[in-house]
Amino acid sequence: MFLTILGPRVQAQELDQLGRFEISEFALSPRLRLQEPGQGGFELSQSWIGFEWTRDELVRGVLKLGGSDLNAPAIWNSPEVRPSFGVNEAWMEGRSSYGDMRAGLLTIAQSFEGLSPEWSSVLPETRARRKSWFIKRDFGLQLRWLAKPWETSITVHNGESGENKDGQYWTTAHWRYQSSGGTGMLITGSIGQTKPESTQTSEAGLPVNGFVFDRTDKAKIRQGSVALYRQQRRNLLLLEAGRGEILQQEEKNSFFWGHFDAVWNWGSDASLLFRYEMNQPNQKDSASTIRSPGLGFSYSSKDNLQSITAFYSRVEEDPQVPSDEFWLIFRIHSVFAR
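Residues numbered from 1 in each chain as written. Predicted model: local features only at pLDDT ≥ 70, side-chain atom pairs only at ≥ 80, totals over all residues. Heavy atoms only, no water.

### A look at the overall build of the chain
The condition is simple: Strands here mean DSSP runs of E at least two residues long; helices mean DSSP runs of H or I at least four residues long; both are numbered from the N terminus. Here the globule rule is a power law, 2.2 Å times the number of residues to the power 0.38, and the radius of gyration is based on C-alpha atoms. With a 1.4 Å probe rolled over the protein chains alone, any residue whose accessible area is under 20% of its type maximum counts as buried; one over 50% counts as exposed, and the rest are partly exposed. Residue contacts follow a heavy-atom distance rule, with two residues in contact if any of their heavy atoms lie within 4.5 Å. The Shrake-Rupley method, run with a 1.4 Å probe, gives the accessible areas here. Residue values count only the displayed protein chains as cover. Charge convention: Lys and Arg are scored as positive, Asp and Glu as negative, and His as well as the terminal groups of each chain are ignored. A charged residue contributes its charge at one atom only: NZ of Lys, CZ of Arg, CG of Asp or CD of Glu.
The helix and strand inventory of the chain stands at 4 helices and 18 strands. Taking 20 Å as the expected radius of gyration for a compact globule of 338 residues, we find that the chain reaches 22 Å, a close match to that expectation. In terms of its C-alpha atoms, the chain occupies a principal-axis envelope of roughly 85 × 50 × 40 Å. Expressed as a percentage of the 338 residues in the chain, the buried residues total 45%. When contacts within the chain are restricted to residue pairs at least 6 apart in sequence, long-range pairs at least 24 apart make up 54% of them. Looking at the chain as shown, the accessible area adds up to about 17800 Å², and 60% of this sits on carbon and sulfur atoms. Distance between charge centroids for the chain: 4 Å, based on 37 positive and 40 negative side chains.

Below you can see the structure in the form of structure tokens.
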């Protein structure tokens, strides 16, 4: 009887010492993407399973396993062949009254999409994000402060979404104000340097992508964005614009991206979608501008954990080539514990 009574106490003490480990979230997004002329197909994108370890309210660890699209290098760096499924987030967090600190493989806070979970938007990723104009995740150290309605973070990271081959470091920061009604303003900025060790086969150096970038020379890159938005329940109005500069030798070349998104929930489960996006990889060349208006429809479950989205976008560029896109996206997302 003594052992029976003591057993649960010992088990509880062991749990306190080992901490608590559990599945934290799950996201799955199979999709069909069709692009003229005769390109595209079925894909599995923005999908992962997350695990969380907690000891108390001051320390926790997060591990997320998912598709390689969640941790692709920025366009400035040489592309890498990675497993189709692997670790895309792994970090520890320590909390204090002075702020929170995270270390490991982190989400990098660049642009509105960079601060929003992938599952939270019914729209496809913007063209700039899909083309890796800015980094998604990287190894580094992040300091975070939250005092509603204010939020900010500063991250020092490798800049390569992996091993630091060129020995350079990047700094990325964000500042956000969001009212209780969902109206907000977001500013993000990033600055860093590259060397040929990390850019020898960079796709930014290919003429088809439009950037003025010499992948055989060192470079300094800085970029920033400003977003104004109103997000209320399933409705969204978002206006965002960003600009970057590439400094090599004595030359400075700039690039621009921007988009306007609107999600109008006209019924309890149905929404109309609209996006107008403009990207210009070389602001000295007006012919490099790509405009992309799009319309779509989304239907989601009452708890908003499941959705199906159909979206069509027309790509306008000079010279005009057939490249319009159609997306059919299925999404499931669940948060099991926090």
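### Structural notes on the nonpolar core
For the record, the criterion: In plain words, nonpolar cores are sets of buried Ala, Val, Leu, Ile, Met, Phe, Trp, Tyr and Cys residues tied together by side-chain atoms within 4.5 Å.
Counting residues in hydrophobic clusters, the biggest one holds 17 residues, and the most contacted among them are W76, W133, F211, F213 and F255. Broken down by secondary-structure element, the contributors of at least two residues to this core are strand 12 (219–232) and strand 14 (251–265).

### Re the layout of surface pockets
As a reminder of what qualifies: In this analysis, the protein atoms alone were mapped onto a 1 Å grid. Cavities are point sets where a 1.4 Å probe fits without being able to get out; pockets are open sets with protein on both sides within 12 Å along at least five of seven lines; lining residues have an atom within 4 Å of a point. Grid points are joined across faces, edges and corners, and a volume is the space filled by probe spheres set on the points. Just so you know the grouping, Ala, Val, Leu, Ile, Met, Phe, Trp, Tyr, Cys and Pro go in nonpolar, Asp, Glu, Lys and Arg go in charged, and all remaining residues, Gly too, go in polar.
Here the second largest pocket is characterised by a volume of approximately 790 Å³. What lines the second largest pocket is a set of 27 residues, and nearest its centre among them are D69, A72, R130, K131 and S132. Elements with a minimum of two residues in the lining of the second largest pocket: strand 2 (30–35), strand 3 (39–44), helix 3 (127–130) and strand 18 (325–335). Broken down by element, the lining of the second largest pocket gets its largest block of residues, 3 residues, from strand 2. Looking at the lining of the second largest pocket, its residues break down into 6 nonpolar, 8 polar and 13 charged.

### A few points about the pairing of strand 16 (residues 290–300)
To keep it simple, the criterion reads: A pair of strands counts as paired when DSSP detects no fewer than two bridges linking them.
The alternating pattern of strand 16 places I290, S292, G294, G296, S298 and S300 on a buried face, while none of R291, P293, L295, F297 and Y299, on the opposite face, is buried. The pairing of strand 15 (residues 270–280) with strand 16 spans 10 bridges and is classified as antiparallel. What sits directly across from R275, in strand 16, is G294. Summarising the sheet, strand 16 and strand 17 (residues 306–313) pair through 7 bridges and their orientation is antiparallel. If you follow F297 over to strand 17, its bridge partner there is A310.

### Considering the pairing of strand 7 (residues 99–107)
Sheet topology places strand 6 (residues 85–96) next to strand 7; 7 bridges connect them, and they run antiparallel. For R95, the partnering residue across the bridge sits in strand 7 and is D100. Counting the residues in the hairpin turn of strand 6 and strand 7 gives 2 residues.

### Overview of empty space enclosed by the protein
Vacant regions in the atomic arrangement are exposed by a probe of water-molecule size rolled over the atoms. Applying the stated criterion to the full structure yields 6 cavities of 30 Å³ or more. Here the largest cavity defines a volume of roughly 90 Å³. Forming the walls of the largest cavity are P124, E125, R127, R130, R275, E277, S292, F311, S313, E325 and W327. Of all elements in the fold, only helix 3, strand 15, strand 17 and strand 18 reach the threshold of two or more residues within the lining of the largest cavity. In this structure, the second largest cavity spans a volume of roughly 60 Å³.

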